[in-house]
Amino acid sequence: MLAELAAAVRPGITTDELDRICHEACIARGGYPSPLHYKGFPKSLCTSVNEVICHGIPDDRPLRDGDIVNCDVTIYLGGVHGDCNATFLVGDVDEAGRDLVRVTREAMWRGIEAVRPGVPVNEIGRAIQEHAEAHGFGVVRAFVGHGIGEEFHTAPSVPHYFDPNADTLLEPGMTFTIEPMITEGSWELGRIWADGWTAPTRDRSRCAQFEHTVLVTTGGVEVLTLPARRAARVLTAPGPSAAGAGPRRRD
Ligand code: MF3
Ligand code: CO
Ligand code: CO
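Described below are features of the structure shown in this document. Computed from a predicted model, the values in this text were never measured in an experiment.

**Some thoughts on the sheet that holds strand 10 (residues 181-183)**
No. 1: Across the sheet, which stays open at both edges, the three strands sit in the order 6-10-12 with antiparallel pairing between neighbours. The outermost strands of the open sheet, each flanked by one partner alone, are strand 6 (138-139) and strand 12 (207-209).
No. 2: Relative to the sheet, helix 3 (residues 95-113) contacts strand 10 and strand 12, its axis offset from that of strand 12 by approximately 35 degrees.

**Topic: the coordination of the cobalt ion (ligand 2)**
In an ideal octahedron of six donors the angles at the metal are 90 or 180 degrees, and in an ideal tetrahedron of four donors they are 109.5 degrees.
No. 1: Donor atoms from the polypeptide that bind the cobalt ion (ligand 2) are D83 (OD), H146 (NE2), E179 (OE) and E211 (OE), placed at 2.0 to 2.2 Å.
No. 2: What the six donor atoms of the cobalt ion (ligand 2) show is an angle range of 51 to 163 degrees at the metal, which sorts the shape as irregular.
No. 3: Written as a sequence motif, the donor arrangement for the cobalt ion (ligand 2) is D-x62-H-x32-E-x31-E.
No. 4: In this structure the cobalt ion (ligand 3) is found 3.3 Å away from the cobalt ion (ligand 2), and D83 serves as a bridging donor for the pair.

**What about the pattern of salt bridges?**
No. 1: One pass over the structure, following the stated rule, counts nine salt bridges.
No. 2: Among the salt bridges present, the one from R206 reaches D94, with a minimum N-O distance of 3.0 Å. Taken together, the positions of R206 in the loop between strand 11 (199-200) and strand 12 and D94 in the loop between strand 5 (80-89) and helix 3 put the pair 112 residues apart, joining distant regions of the chain.
No. 3: R206 sits in the buried class, given a relative accessible area of 14%.
No. 4: In this structure, R102 and E106 form a salt bridge, with 3.1 Å as the shortest nitrogen-oxygen distance. Residue R102 and its partner E106 are located together in helix 3, separated by four residues, close to a single helical turn.
No. 5: Exposure remark for R102: the relative accessible area of 35% places this residue in the partly exposed category.
No. 6: Its relative accessible area of 28% is what places E106 among the partly exposed residues.
No. 7: Each of D94, E184 and R206 takes part in a single network of salt bridges with overlapping partners.

**A closer look at the coordination of the cobalt ion (ligand 3)**
No. 1: Coordination of the cobalt ion (ligand 3) by the protein involves D72 (OD), D72 (OD), D83 (OD) and E211 (OE), with metal-donor separations of 2.1 to 2.4 Å.
No. 2: Geometry at the cobalt ion (ligand 3) is irregular, judged from the six donor atoms that bind it and their angles of 58 to 171 degrees at the metal.
No. 3: Spacing between the donor residues of the cobalt ion (ligand 3) along their common chain follows D-x10-D-x127-E.

**Digging into unusual backbone geometry**
No. 1: Omega for the bond connecting A155 with P156 falls within 30 degrees of zero, at 0 degrees, which places this linkage in the cis form.
No. 2: Along the polypeptide, P156 turns up in strand 8 (residues 154-158).
No. 3: Backbone geometry at K39 places phi at a positive 50 degrees, although glycine is not the residue there.
No. 4: Looking at the element boundaries, K39 is found in the loop between strand 1 (32-33) and strand 2 (46-49).
No. 5: A positive phi angle, close to 65 degrees, is found at H55, a residue other than glycine.
No. 6: Looking at where H55 falls in the secondary structure, it is placed in the loop between strand 3 (52-54) and strand 4 (68-77).

**A few points about the packing of helix 3 against helix 4 (residues 122-134)**
To describe two helices that pack against each other, one gives the angle between their axes and the distance between the axes.
No. 1: One way to put it is that helix 3 packs onto helix 4 with a least axis distance of 8 Å and a crossing angle of 155 degrees. With respect to helix 4, the axis of helix 3 lies roughly antiparallel. By crossing handedness, the relation of helix 3 to helix 4 is classed as right-handed. In this structure, helix 3 contributes V103, E106, A107, R110 and G111 to the contact, and helix 4 contributes I124, A127, I128, H131 and A132.

Here is what the cut-offs are and how they apply
- Residues numbered from 1 in each chain as written.
- Chains lettered and ligands numbered in written order.
- Predicted model: local features only at pLDDT ≥ 70, side-chain atom pairs only at ≥ 80, totals over all residues.
- Heavy atoms only, no water.
- Pairing = 2+ DSSP bridges.
- Helix = DSSP H or I, 4+ residues; strand = E, 2+ residues; numbered from the N terminus.
- Contact = heavy atoms within 4.5 Å.
- Axes fitted to C-alpha atoms, helices over the stretch in contact; angles between N-to-C directions.
- Donors = N, O, S within 2.8 Å, 3.2 Å for Na, K, Ca; no water.
- Tetrahedral: all angles 85-135°; square planar, octahedral: opposite > 155°, others 65-115°.
- Salt bridge = Lys/Arg side-chain N within 4 Å of Asp/Glu carboxyl O.
- Buried < 20%, exposed > 50% of the residue type's maximum accessible area, 1.4 Å probe, protein only.
- Parallel < 35°, antiparallel > 145°, perpendicular 65-115°, else oblique.
- Left-handed = near helix turned anticlockwise from the far one by under 90°.

Following this line, the structure appears as structure tokens:
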């Protein structure tokens, strides 16, 4: 579904059109779009443009050349939820915006690579924060990753910064998301829009995000939301930190 959205993003398309593509892609697979009517959310997809951190509601505004847009897709299929997102470049994005998106993707993978049984959940945020701040970017505190499975949002919370209190030890079988939101300027949350959902940065600086759903395995981690064609390769690939683990590093 996310790949279908990636192919559709271009200057001039509205986020309502992206929502329709997402909805139809979900139904075509026999799933239900988890965001639709979740706590009153009105659409099947979250679309967060430029200074929006997350939970943007698709509308009739056409995307403009130079925007960045995050599409956050969740499907309920076979009795469980799968949650993933990516930030896309709309046409020609300035260098600072491209750097923000690249570093955010890298930060997500640093977080995923920190996952293995026996380590505290806060090692994920430590790895993400180190990478983001080394590039002069901020890490959003107001939203965190989450346990996921038969329910959309469960324990544990997965902060994307180092939180000494997040000391839950990871165990094989746990499923949760890693979804860092990284800012060009201040990491602070601004006022939620009058729609009750859209969450902007306080200083209106741009924010990027990437998300995967992961499983803790006895050997480390398996990413559950990779595109299907790559999933088979991942099963035979070496651990995520090993050289040549190419497929795991893509989204
Ligand atoms: N997919 C989002 C997440 O990563 C949650 C969206 S909830 C909605 O947790 F209601 F805004 F859709
Ligand atoms: Co999520
Ligand atoms: Co999500």
